[in-house]
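Chain by chain, the residues:
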Amino acid sequence: TWHLKKVPQIVSERTFSLDSPKFEAKPKLELKSVCGIECQRRLPVPSLADVKELLAYETVFENGTRTLTEVNVLGLGLDPAGNASRERSVRKKRQIYGTDSRFSIYDKRFMTNFPFNTAVKISTGCSGILISPRHVLTAAHCLHNGKDYVKGSKRLRVGLVKTKSRGDGRRRKGAKRNGMPSFQWTRVKSTHIPKGWFKGVSEDIALDYDYAVLELKRPHKRKYMELGISPAIKMMPGSMIHFSGFDSDRSGQLVYRFCSIADESSDLFYQYCDAESGSTGSGVYLRLKEPNKKKWKRKIIAVYSGHQWVDVNGEQQDYNVAVRITPLKYAQICFWIHGNDESCTRG
């Protein structure tokens, strides 16, 4: 069953205008030297003042203007266990190891139907997922390198896989064949990124805040994925995580995968799902058949942040990581979608 949690309230306090960003950063599809599993376990539990600082957020608009919003957090219960996790042996891995367990979705009937049609392509080279009629969840580093917004993010666009349109019966010259989706591109009206992602605010734990929400200029008319709060591994419905994205080594294809989670901290999942760059920013979801119901219920519980290199026991090791949607992050993302906290009390 799904385990409901009471969600803290995020309340907007003040909004300031900032200088326009330069939009000159080079996009990084692979992050290095971030706080890894052992480092995460040693981090202190943040105070309320720390949480308010980390969850303050920047909004950049399509005309290049930018604001900073300070927030207050109500009903916050800080977990004294902090980042404690079960001790696990660390194993080396690669983005793809052994047999490649990814599935390319070739059939347009699957590609353009739920849940696969919730996966979107971001014009900076990442993936994302639809979370409302006009909002997309993705990874922050697809848009911002911690110091500045990446090139191309000023005119950011989101690509939704096209359903069959008039004229599909006659193939145009040079048109793509089966399994190669075409996209309907939509402009982004505004982008929200938590301040915890920016360097100088949280040098060691920026990865915990590697998520962003894009507001589309026009609403789409598709089914979107519901948000959920990520459970601990031992409480995970179905025990498997799933996500679909547009991996760079399979150009134009929608790629689906599922796997179990190997380890966790309070903000991150460490897993061995096969994935390549391009799938970064995908929505990681759980699925569960509820009692007496035939259909699967799905909820997004994390954002795939990508392949990471970290120091473990003094040497570089790699793994794939996802940013968990904690009660605080659920409250913040829900506030970005609805503009109030009334719709965000239970996750």
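Residues numbered from 1 in each chain as written. Predicted model: local features only at pLDDT ≥ 70, side-chain atom pairs only at ≥ 80, totals over all residues. Heavy atoms only, no water.

Participant: Please provide a residue-by-residue account of unusual backbone geometry, values included.
Facilitator: Here Phe23, not a glycine, exhibits a phi torsion of approximately 55°, which is positive. Note on placement: Phe23 falls in the loop between β1 (9–18) and β2 (31–32). Relative accessible area serves as the criterion here: at 11%, Phe23 is assigned to the buried category. (Helix = DSSP H or I, 4+ residues; strand = E, 2+ residues; numbered from the N terminus. Buried < 20%, exposed > 50% of the residue type's maximum accessible area, 1.4 Å probe, protein only.)

Participant: Please set out the side chain of Arg222 residue by residue, giving values where relevant.
Facilitator: If you trace the backbone, Arg222 turns up in the loop between β11 (212–216) and β12 (226–227). Taking relative accessible area as the criterion, Arg222 reaches 16% and is therefore assigned buried. One polar contact links the side chain of Arg222 to the main-chain carbonyl oxygen of Val161, over a distance of 2.6 Å. (Polar contact = N/O pair within 3.5 Å; in protein donor to acceptor, adjacent residues only side chain to side chain.)

Participant: Tell me what's going on with the state of the cysteines, and back it up with residues and numbers.
Facilitator: Applying the stated rule across the entire model yields 2 disulfides. Disulfide pairing is shown between Cys126 and Cys142; the S-S distance is 2.1 Å. Across the disulfide from Cys126 to Cys142, rotation about the S-S bond amounts to roughly -95°, and the bridge is consequently left-handed. Taken as a pair, Cys126 in the loop between β6 (119–122) and β7 (127–132) and Cys142 in the loop between β8 (135–138) and β9 (157–161) lie far apart in primary sequence, 16 residues in all. Here Cys259 engages in a disulfide with Cys273; their sulfurs sit 2.1 Å apart. Around the S-S axis, the bridge from Cys259 to Cys273 shows a dihedral of about -105° and counts as left-handed. In this pair, Cys259 is assigned in strand β14 (residues 254–259) and Cys273 in the loop between β16 (268–271) and β17 (283–289), connecting sequence segments 14 residues apart. On the accessibility criterion, Cys273 (1% relative accessible area) is buried. (Disulfide = S-S within 2.5 Å.)

Participant: Talk me through the environment of Thr326; I want residue IDs and the actual numbers.
Facilitator: Looking at the element boundaries, Thr326 is found in the loop between β19 (315–324) and α4 (327–338). Along the chain, Thr326 and Gly228 lie 98 residues apart, while their C-alpha atoms are 8.7 Å from each other. Setting aside anything within four residues of it in sequence, one finds Thr326 in contact with Ile229, Ser266 and Asp267. (Contact = heavy atoms within 4.5 Å.)

Participant: Residue-level account of the pairing of strand β3 (residues 57–61), with values.
Facilitator: For a regular strand, the rule is simple: side chains alternate between the two faces of the sheet. With 4 of its 5 residues buried, β3 lies for the most part within the structure. Here β3 runs beside strand β4 (residues 66–74); their pairing, made up of 4 bridges, is antiparallel. Residue pairing across strands places Glu58 opposite Leu68, the latter belonging to β4. Where β3 hands over to β4, the hairpin turn is made up of 4 residues, of which Gly64 adopts a positive phi near 95°. Note: β3 against strand β10 (residues 183–194), 5 bridges, orientation antiparallel. Residue pairing across strands places Thr59 opposite His192, the latter belonging to β10. (Pairing = 2+ DSSP bridges.)

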